[in-house]
Amino acid sequence: MKVTRFFVLCCVSLIFVFASACPVDAWAPKTEKIVFSSNRRGNWDIYVMNPDGSNQVRLTKSPLIDVSPVWSPTGEQILFVSGHSGAMDLYVMDANGSRLRRVFGSPGHRIEPAWSPDGERIVFHSQLPRWSIQTATIHGRDVRIVAEADPRGGNPSWSPDGKEIAYVGSMNDARRIRIVTLSSGAIRTFLPNKSSWMYTPAWSPDGEKLAFTWYKWGIPDKDALFVANRDGSRLKQIGKAVPGTSSPAWSPAGDKIAYMEEAIEGDRQIAVIDINSKKKKELTHRGWNITPSWFNPAFVTLPVAPQPHLLTTVWGKMKAD
């Protein structure tokens, strides 16, 4: 009897240890979602919505700024920029807004994050030790500078095969998209023979194309969305030129792009455009709504495994509105 009781107690103890170490209640959307930031209530917060603009839900309710959200590859976490530490820095939370934590132990000015395709590392634009494109693990370790990018550059995007990072570099007082190969450090300029002022590059899900915004001096005060093959071929404009066009985010199926553009009275709204039909739909209508990121569980290829390191430091807890 004593042996049986001891065995049961040991099993119960192991269950509690395992439960405390692993987020068994990790949650990811079961349907397609777009995460974005909005100031519709007077403060910048993170929201999610369906790809048709319905069911818009606020995830953060901090009096501080929360912007630039991006889905993890499995949809279980959202990486974003916040002013919680006094400076704009990187934070991660569960997909429902819970388990908020800082990525880095020491404060720093880090913005414009993106995930590696395997979800193990992130890329971002940082001021320290100098303005540059940097990578690190999702828990803020093994920081590496991969390219120089002053405050006018940035916008890093990790290729789906994990081999390259596209970003905006400042060259001769202009902004150009550059691509760094991580294994060698080699850097090439995307569309080097075209006029400059290209920004916010985004890899297509298959890694064969780049979407980006291009300010062309021949179109006064207007930006336009463009798509080209990774080698610069088959360059084409997607939709009409509209002021404030920026931050393209591909649908996981690769047939649509969500982006932001200027709307009535100078507000920024998120729209979705079909790449083939050019049919466009505005998804938001109130306040400024920016930096969309698109997730679809049907396209997740990574195994969804417990990630105990994401629970080591809990800085706060937020609930969906």
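Residues numbered from 1 in each chain as written. Predicted model: local features only at pLDDT ≥ 70, side-chain atom pairs only at ≥ 80, totals over all residues. Heavy atoms only, no water.

A. Examining the packing of aromatic side chains more closely. Inspection of every chain in the model, using the stated rule, returns eight aromatic pairs. Here the aromatic rings of Trp-71 and Phe-295 are separated by 5.5 Å at their centres, their planes lie at 40°, and the arrangement is tilted. Of this pair, Trp-71 sits in strand S4 (residues 66-71) while Phe-295 sits in strand S24 (residues 289-295), and the two are 224 residues apart along the sequence. Taken individually, Trp-71 and Phe-295 each receive the classification buried, so the pair is uniform in this respect. Look at Phe-104 and Phe-124: their rings are 5.4 Å apart centre to centre, the planes differ by 70°, and that puts the pair in the edge-to-face class. Placement of Phe-104 in the loop between strand S7 (101-102) and strand S8 (110-115) and of Phe-124 in strand S9 (residues 121-126) is noted, with a sequence separation of 20 residues between them. What makes Phe-104 buried here is its relative accessible area of 5%. Using a relative accessible area of 0% as the deciding quantity, one classes Phe-124 as buried. Grouping aromatic residues by their ring pairs yields a cluster made of Phe-190, Phe-212, Trp-214 and Phe-226. (Phe/Tyr/Trp six-rings, centres within 6.5 Å; stacked < 30°, edge-to-face > 60°. Helix = DSSP H or I, 4+ residues; strand = E, 2+ residues; numbered from the N terminus. Buried < 20%, exposed > 50% of the residue type's maximum accessible area, 1.4 Å probe, protein only.)

B. Local environment of the pattern of salt bridges. Counted according to the given criterion, the structure contains eleven salt bridges. Between Asp-94 and Arg-99 there is a salt bridge, with the nearest N and O atoms lying 2.8 Å from each other. The residue Glu-261 makes a salt bridge to Lys-280 at a minimum N-O spacing of 2.8 Å. One end of the pair, Glu-261, is in strand S21 (residues 256-262); the other, Lys-280, is in strand S23 (residues 280-282), and 19 residues separate them in sequence. Judged by relative accessible area, which is 42%, Lys-280 ranks as partly exposed. (Salt bridge = Lys/Arg side-chain N within 4 Å of Asp/Glu carboxyl O.)

C. Looking closely at the sheet that holds strand S18 (residues 223-229). The four strands lie next to each other as S16-S17-S18-S19, forming an open sheet whose pairing is antiparallel. Each edge of the open sheet is held by one strand with a lone partner, namely strand S16 (198-203) and strand S19 (236-242). Recorded for the sheet is a direction-independent mean angle of 20° between the axes of neighbouring strands. Inspection of the sheet shows S16 paired to strand S17 (residues 209-215) by four bridges, in the antiparallel sense. Each bridged residue has a counterpart across the sheet, and for Met-198 the counterpart in S17 is Trp-214. (Pairing = 2+ DSSP bridges. Axes fitted to C-alpha atoms, helices over the stretch in contact; angles between N-to-C directions.)

D. Focus on the pairing of S4. Buried residues dominate S4, accounting for six of its six residues. Examined bridge by bridge, S4 and strand S5 (residues 77-82) share four bridges and lie antiparallel to one another. Bridging across to S5, Trp-71 finds its partner in Ile-78. Adjacent in sequence and paired antiparallel, S4 and S5 are bridged by five residues, among which Gly-75 carries a positive phi angle near 80°.

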